[in-house]
Structure formats: C-alpha cells, structure tokens
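Fold and contact review
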Amino acid sequence: MRLLRAFFILALALTALAVQATHNRAGEIIVCHVSGLTYEATIITHTKVSAPADRPQLTIHWGDGDSTVLDRELPYQEVGDVRRNVYTGTHTYGGPGVFTLYFFDENRNAGVLNIPNSVNQPFAVITELTISPLGGNNCSPRFLNSPIQDACTCMPWIHNSAAYDPDGDSLSYEPVACLGIGVLPINGYLFPSQMAGCNGNAYSIDPVTGTIRWLNPGTQGEYNIAFRVHEWRRVGNALLHMGFVMRDMQVTVVACSNQPPVITQVQDTCVTAGTFLAFNVQASDTDQGQLVTLTALGQPFVLPSSPATFVSPTPGQSVSGIFSWGTNCSHVRPQPYQVVFEARDNGQPVELYDYRTMNITVVSPPPTDPSATPSGSSMLLNWTPTVCTNASGYKIYRRLGAYGFVPDNCETGVPAYTGYTLIGSVTGSSTSTFTDNGPITVGNTYCYMVVATFANGTESYASVEFCATLTRQVPVITHVSVGETSTTTGIDTVRWSNAYDLDTLLRPGPYQFQLYRGTGFTNATTLIHTSGLHPFLAHPDTEFIDLGLNTQDLAHVYRVDFFGSGGSDFIGSSSVASSVFISAEPNDEQLTISWALNTPWINSLYEVYRDIAGSWTLVGSSATNSFTETGLSNGTEYCYLVRSTGAYSNPGIPAPLLNFSQELCAAPRDRTPPCPPAVQLDNDCETPLNTLTWNNPNLSCADDTYQYRVYFAETPTSEYALIGVIVGAENTSFTHVNGTSVSGCYQVTAIDTVGNESAFISPVCGDNCPLYTLPNIFTPNGDRINDLFVPFPYRGVKAIDLQVYNRWGQTVFSTEDPDILWNGTLNNNGEACPDGVYFYTCVVTFARLMGDEALVLKGYVHISGGKDSPKLN
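Residues numbered from 1 in each chain as written. Predicted model: local features only at pLDDT ≥ 70, side-chain atom pairs only at ≥ 80, totals over all residues. Heavy atoms only, no water.

**Looking at the pattern of salt bridges**
Taken as a whole and assessed by the stated rule, the structure comprises 25 salt bridges. Its salt-bridge partner being aspartate 54, residue arginine 72 comes within 2.8 Å of it at the nearest N-O pair. Taken as a pair, arginine 72 in the loop between strand 4 (67-71) and strand 5 (77-79) and aspartate 54 in the loop between strand 2 (38-48) and strand 3 (57-61) lie far apart in primary sequence, 18 residues in all. Under the relative-accessibility criterion, arginine 72 is labelled buried at 11%. A single salt-bridge network, built from bridges that share partners, covers Arg25, Lys48, Asp81 and Glu222. (Salt bridge = Lys/Arg side-chain N within 4 Å of Asp/Glu carboxyl O. Helix = DSSP H or I, 4+ residues; strand = E, 2+ residues; numbered from the N terminus. Buried < 20%, exposed > 50% of the residue type's maximum accessible area, 1.4 Å probe, protein only.)

Now the structure itself:
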C-alpha cells in the first residue's frame, strides 16, 4: 500500500504538468472467472462526448503488482452527451488471495458540486476479488441500469442499479465516498445529505435491495455518488465475503416541478421449479397528463435457460404490466432472484422514476410417492426421485409418530420444530431407496420425510410424511417396575410381550426366552433367567421377578433374547428397557425430584408421590423429567417415588404401561444464594479513587444476606482476586485505589448466612486518566526548597525507566522509581553534578484498562545552585 501511495503521489506531480482532460462521469470494474487462476476484467466508463478528451486505452491494475493496458471495444455507444466505453482483458494470478483491482484516469468533468475542484480530480474505482479454494470460482456482480441519472430539485430521487450476481451469491450495499488521487477517498468529498437540501436532505441506500433515495436535492447541478455491492457466499455454515464492486455514478439535478410515479407494492414469493409464475404490476402518476412507462430489470430476464419476460403496457397515467416466468430446475439456488420494476414518467425537463424490488426464490419440487416397508429390525424406504436431475442427492429425516407437517410456500427442507432428525443421506439425483437400520424399536410407528439436495446448498420442499410400524418379530418389553427399595433385597418386576408377527413357517418352534440384566440404562449382559420351551408363539413365561438387587443406589436395565427350533435358532432381541431411577436436589424449602430411564416406549406422564403419614400421596405430575415441590421445611426428611405412564405407538400392544421408581428420601436445605448486587462505579481518575456502591439484596430478592465480597482484576481478561470483605447487609459501599491507579474491573458478591455466594455478573470497570510530567529545573543547594528532581503530582503510573545524561552522553542517574528523588549527585552517591543542562529519556508505563500503555518522555532538566565538581570522565 505504501508503494501504491508513493506511485500516486508521483502521478499527481506529473499530472500538475499535464493538460487536464475533463470527461469521466461514471464507471465500474466487473470481473469473472475464466479457468484455473485466470480471470477476465471489464472496465466500463461513461464519459462526456462533448469533452475533448477520449481514451482508446486504459490501464487496469490487477491487485498483485501487475497491470495491463486494455483497448476499448468497438463500436462504443453514444446517447446524447454520454459515451459508454468498455475495456476487457484477462490475467492469470499466481495463487489464491484477496486482490483489489483498480483503474484511474485524468480527470473528472468540471463543476461536480460535491467534489471540490472536480476538474482536477482523477476518476478511480476499485473492485475486490477473492480467490479462495474454500469459496470456489467467482464472478462479480454486474448492473442492468445506467449510472447516468437525472433528478428534480425539491423532489424525491429514487434509483436502483438492478445489480445481480451471476453465481447466485447474496448481495449487500453500502454508500462510500468517491475516489480520486492515490485511489483514496477524495479530500472534502460531500455526500448528498451534506449538501443543501429542500425540505430535508436525507440520503440512503437500502443494504438489501440497493434502492437509493435522496430526499430531496436542493441545488441544481451535477453530483457524483458511489456505492459498493458486496457479494456473500454460504459454504457450509459459514458466510464468506467474496469481494465487492464499486460503482461511481453521476446525477444531474435540474429545476422542475414534476412528481415521480408510484409503483404498487409487490410481495416476495417462492415458486416451484417447473411451474409457471405470472402476476400483474401496476404503476400510476398523479401529475395530470403524465404518461408512465413501466419496465422490469433483473437476472431472471438474462438467464440462458427459460428467461422471464415482462410485457410492458402502453404508456399511460395508470398502467399494468405482466410478469411471466416459466421456471425450470436450472433456476434452483439458495438465494432469491431480485426483480426490479421501474416506472418512468415523461416529465420535462427531467423524467422521474420509482422502483420496487421483489425477491423470487425458485424451489425444487419434493420427491414423490414415498413409502416405508418394515423388514426385520430395519425399515426400507422408497420414493420417486425429484424431476430436477441436477439434484446431488437426498436427505432422510425420521421421527417417532407423525407431526402433520405441511410446508409453507417458502419453507424448504425439514425444520427443527417438527421434531424430525436427520438420519442419513444418499447421493445421486436418481437414487430412490434408503434402509433405516435404526436404532428403531419394534412396537413403535416411525415417520419419515425425504428432501432433495443440490451442490449449491439448496434443499427442496420436503416430501409428504410417510409412516410404518416395525412388526413384532421379537419380544417387546412392557414393564420394568421397582417393587422393593433396598441395597440388598431390592426387587424389579419385568414383563414382555410375545413376538406375535413372526412367520412361524420360516422360524418354527419350540420357542424360548433368555432374560439379561445390567446396571445403568444401556447394556444388559448378565443372563438371569432362561424360560422353558413352548411350541407356540403365545409363550406363557413372559414375566420375571428379579430379587436381591440394590435398587436404592442403582438403576437396572433388561433385554429379552428370543430363540426358536428348541433354543438353537436365535431369532432376535428386544430393545433394552430400564427401571425409573430418581434423584433429589435439595434447595431452600424445596426439593427437585429428577428421574432418568431408557425405555423403548414413550412415556407421556410422570406422577410424583410422597409418603404422608405412611400413605403414598400424589403431590404432583410432570411431562418432563423433573418436578419441584415447594413449601417444605429445611432439615425435614421427605420420601418420594415416581410412577411413569407410557405406551407404544402400535395399538396392538396393551396400554397404558405403568412402572414405579425406587423410593428416595431427602431433606431441603438452603442452597440458594442471594441475587447478585447491582454495582455502580464512580471512577474518579483525577483524585484518584474508585468508589463502589450497590443495592442491599435483602430489600428485594433475599432475606439472609449478611456480608459482601469485593473482587478486583487489572484488566477485563485478568483473573479476579478478593480485595475486601464487608460485613453487614446494610454496608453497601467500598473504596479502592491500586497504588495510584484506578484502572481495573470489579465484581461484588453477596453471601448469605449459610455461605451461599451470588454469581459473578457483568463487571463494572474503570480506567485511568494517566498523567506524568517532569520539571525542567531543580536547585539541590540544601535549602529544602526544590532540592530534588521529582515529578509533578502524577497518577496511573505503573512503572518508569529514567536515564539522565550529561552533555557528553554519560549516564549520571537512573531509576525505576516513579518518584525519582534525584538529589543532583552522581547516581545519588553524594558526588555533586555540576550546574548545567542534563538530558533524559523516561519510559513511563501507565496502567490502563485494556493493558499497559507505554509513553516515552524526552527532555532536559537544569541543575542550578548546586556545587561545582570535577568533570566526569
């Protein structure tokens, strides 16, 4: 950048000797990937035909140190006093990076009101190109609307450049100053809002639509404005900035009384690829006799495949045009297409405009005709592929039971609020099957949706929900209930249902069960029961009472294995199922009972019972995994158990399924700290002194606060250290200074009578207003007046490093003490230094909130009235 600026300083000097060519009115640079690391750039300028200057060639600088002279394309276009010039060239970069392309040309046209001395200002624009393996190849935004515009004094001026990105990247807009010498913002440039206005002078550009509004120009003449169009690309979950294009454009304001036309508001929409979108757009003008011409701009009209059309009506005072677009799958992309509708009146001497923008998102249709077929412990899914053969694959989602999801008009994919979970994906647009190997549970109904995906990140509408239930070809556990709570004699009762859907011709009997147990919630590996053989599926041995357990401290989990052919043919296993295991969290006058379990069925209700006078009494219920009972007495023991109520989604399995937890006893105790005090800091950096004040929590959110702790950290990222303890809830202030520094952050916590401490919240922080100055004379003559070289009163100083030299450069004194205290002798050893001037350097380290800050002081001090001494060697 330093080389660039130096180059332009030289260019400026040469320009002062050159004949001033005054013709540039507007321009931009657009760039697009060709192949590999090769990119094509196009400079577009709009110049005055009436100006003597003309540019058959321009030089583009590629942003990597290289430049190329570009020839103007022929023929160029001329309309009135505007010539449109196009210069195109290619360049191969050495590798990835962020490159700022630019061109500059002498000069702008004369008389631009918001550019001082515009006739002597170069015209320059820049474009930023990002070449990144992560972002991929890139083409910059380009414009469909002219940068040469007219406006009326005291009337709204509205403009839209109709920018679009050929890659489908998202665009955002920001106003910037015009560039001149050194390709830097022009010194003294004024935005339109800084110029004289008429009934206001607001100037803005919509960051999303790009519509510019100037309300209202006040002075006739030419103005130049500039803005950047940024492009953003989503890669995974990241939004990458791919660069920007800067456009510099010119607006000519003339006197007129014309009112601009008005377009009726148009609404954003989504359309399914392969369908036809058509709607009317209306515009009108309040000026009697004015005729409105209604047109449309935007990328849909320049697409290579099935572009949109707009039937412009015959100009009139009130008109209606027809937008039509036969969409197809090549139009599918994440970002919407922006369409800009333009209404232009025929007012004289200036035609005024109105613009309306709308976004049209083209969405892929969903896969159709989906189905789910049970197969053992798996589910086979099938669907008819999407008609969009440019899809890259499919995502498959599952949930237990149906949700009833019907997507809104623009709602693509499967939203999280439906409770569906992504379980897998497949590649290829023609793929139409997926096998769900679970884990899924026999006895439950599972529902699915399928979404088509695209390489650009787009997702189709979701398919319809489709559901199926795994057939009961293995046993289904229905009951794991604690019957006795004990560390040694606990009891669990386990029940299961037979495999009634098994094909007995393929898997004949006799049949047998093996029951396994484990501790916890997931793995059952210990064989505890083997049933007898039975010739039929309706095996009568489907219950087991498990004795001698530690049900007080442990949950237990069970699994049933199923065998045929007299026990030699392993058919399959049930899903595991555990007991309900509860725990208690005591707090101030309350107990929170929580529970954990792992069951293949869905539990919809948990009922909490408490032992009241020897009878288990229902005290509450919950649909979640916890319940809090309040109004209890601290230190008193209370005993609880929980009953769960659940069911499989298969109506053929009996319901409800009722299971009890173990019994648990606990006593409430105060574990609730006071609420954090709200702290205020009076940061007096001149005294210096920090004064902290805060509220008494006993007056609002607590009743047993009895002391406070004050913590301090030198910076917001430093660890906090305890610096004070204040006893008494009514004592709500504290003063502190860290040496001479009041820089740092504070936390104040409240402590209750049992030692609960409130949490840290947002700290309060103060900073120094540091001061350190040195005198330029002292008189070490022993009269106790100005005998020492010391600083003036200082503050915020953490350390110093002072070196004092005589006129021969020899060190006569040094210290790290901020008070210095030099008595005028050699290193304070009693050997007097001669009267005269001594030079010093002093590195002062100030304590600041965001970290130490160094200041170098250089100066001199005069010793006067001291004693003569031999000159130092």
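**Some words on the sheet that holds strand 57 (residues 797-805)**
In spatial order, the strands read 56-60-59-57-58; together these 5 strands make up an open sheet with mixed pairing. Both outer strands of the open sheet, strand 56 (777-778) and strand 58 (811-815), are each paired with one neighbouring strand and no more. Here strand 56 pairs with strand 60 (residues 853-863) via 2 bridges, running parallel. Residue pairing for strand 60: isoleucine 777 is matched across the bridge by histidine 862. (Pairing = 2+ DSSP bridges.)

**Section: the side chain of histidine 33**
With respect to the helices and strands, histidine 33 occurs in strand 1 (residues 24-35). Within the structure, the side chain of histidine 33 is placed 2.9 Å from the backbone oxygen of glycine 36, a separation counted as a polar contact. Setting aside anything within four residues of it in sequence, one finds histidine 33 in contact with Thr38, Tyr39, Asn137, Asn138 and Cys139. (Polar contact = N/O pair within 3.5 Å; in protein donor to acceptor, adjacent residues only side chain to side chain. Contact = heavy atoms within 4.5 Å.)

**Section: the state of the cysteines**
The final tally for this structure, using the stated rule, is 10 disulfides. Each sulfur of the disulfide joining cysteine 270 and cysteine 410 lies 2.0 Å from the other. Across the S-S bond linking cysteine 270 and cysteine 410, the dihedral sits near 120 degrees, which makes this disulfide right-handed. Here cysteine 410 lies in the loop between strand 28 (393-400) and strand 29 (421-427) and cysteine 270 lies in strand 19 (residues 269-272), a separation of 140 residues in the sequence. Note that cysteine 639 is cross-linked by a disulfide to cysteine 665, the S-S spacing being 1.9 Å. Note on the cysteine 639 and cysteine 665 pair: the S-S dihedral is about 105 degrees, so by sign convention the disulfide is right-handed. (Disulfide = S-S within 2.5 Å.)

**Here we look at the pairing of strand 16 (residues 221-235)**
Of all 15 residues making up strand 16, 11 are buried, and the element is well covered by its neighbours. In this sheet, strand 16 lies alongside strand 13 (residues 170-176) in antiparallel orientation, the contact comprising 7 bridges. Paired with glutamate 174 across the two strands is arginine 228, which belongs to strand 16. Taken together, the 15 bridges between strand 16 and strand 17 (residues 238-254) define a ladder with antiparallel strand orientation. Looking at strand 17, one finds that tyrosine 223 is bridged to valine 251. The turn joining strand 16 and strand 17, which pair antiparallel and follow one another in sequence, is formed by 2 residues; a positive phi near 65 degrees is taken by glycine 236.

**Focus: unusual backbone geometry**
Put simply, alanine 655 and proline 656 share a cis peptide bond, and its omega is 5 degrees. Residue proline 688 is bonded to the preceding threonine 687 through a cis peptide linkage, with omega at -10 degrees. Within the secondary structure layout, proline 688 lies in the loop between strand 49 (679-684) and strand 50 (689-694). Positioned with a positive phi, aspartate 369 is a non-glycine residue whose angle comes to about 50 degrees. Relative accessible area serves as the criterion here: at 58%, aspartate 369 is assigned to the exposed category. In this model, isoleucine 820 sits at a positive phi of 65 degrees, which is unusual for a non-glycine residue.

**Focus on a nonpolar patch on the surface**
A cluster of nonpolar side chains, contributed by Tyr706, Leu722, Val725 and Val727, occupies part of the molecular surface with about 370 Å² of accessible area. Counting residues per element, the nonpolar patch draws most heavily on strand 52 (residues 721-727), which supplies 3 residues. For valine 725, the location among the structural elements is in strand 52. (Patch = residues over 30% accessible without salt bridge, like charges linked within 9 Å, V, L, I, M, F, W, Y side chains within 5 Å. Areas by Shrake-Rupley, 256 points an atom, 1.4 Å probe, with all protein chains shown as cover.)

**Quick word on the sheet that holds strand 41 (residues 581-587)**
Sheet architecture is open: 3 strands sit in the order 41-42-45, paired in antiparallel fashion. Each end of this open sheet is capped by a strand with a single partner; those strands are strand 41 and strand 45 (626-630). Strand-to-strand twist of the sheet, defined as the mean angle between neighbouring strand axes without regard to direction, takes the value 20 degrees. (Axes fitted to C-alpha atoms, helices over the stretch in contact; angles between N-to-C directions.)

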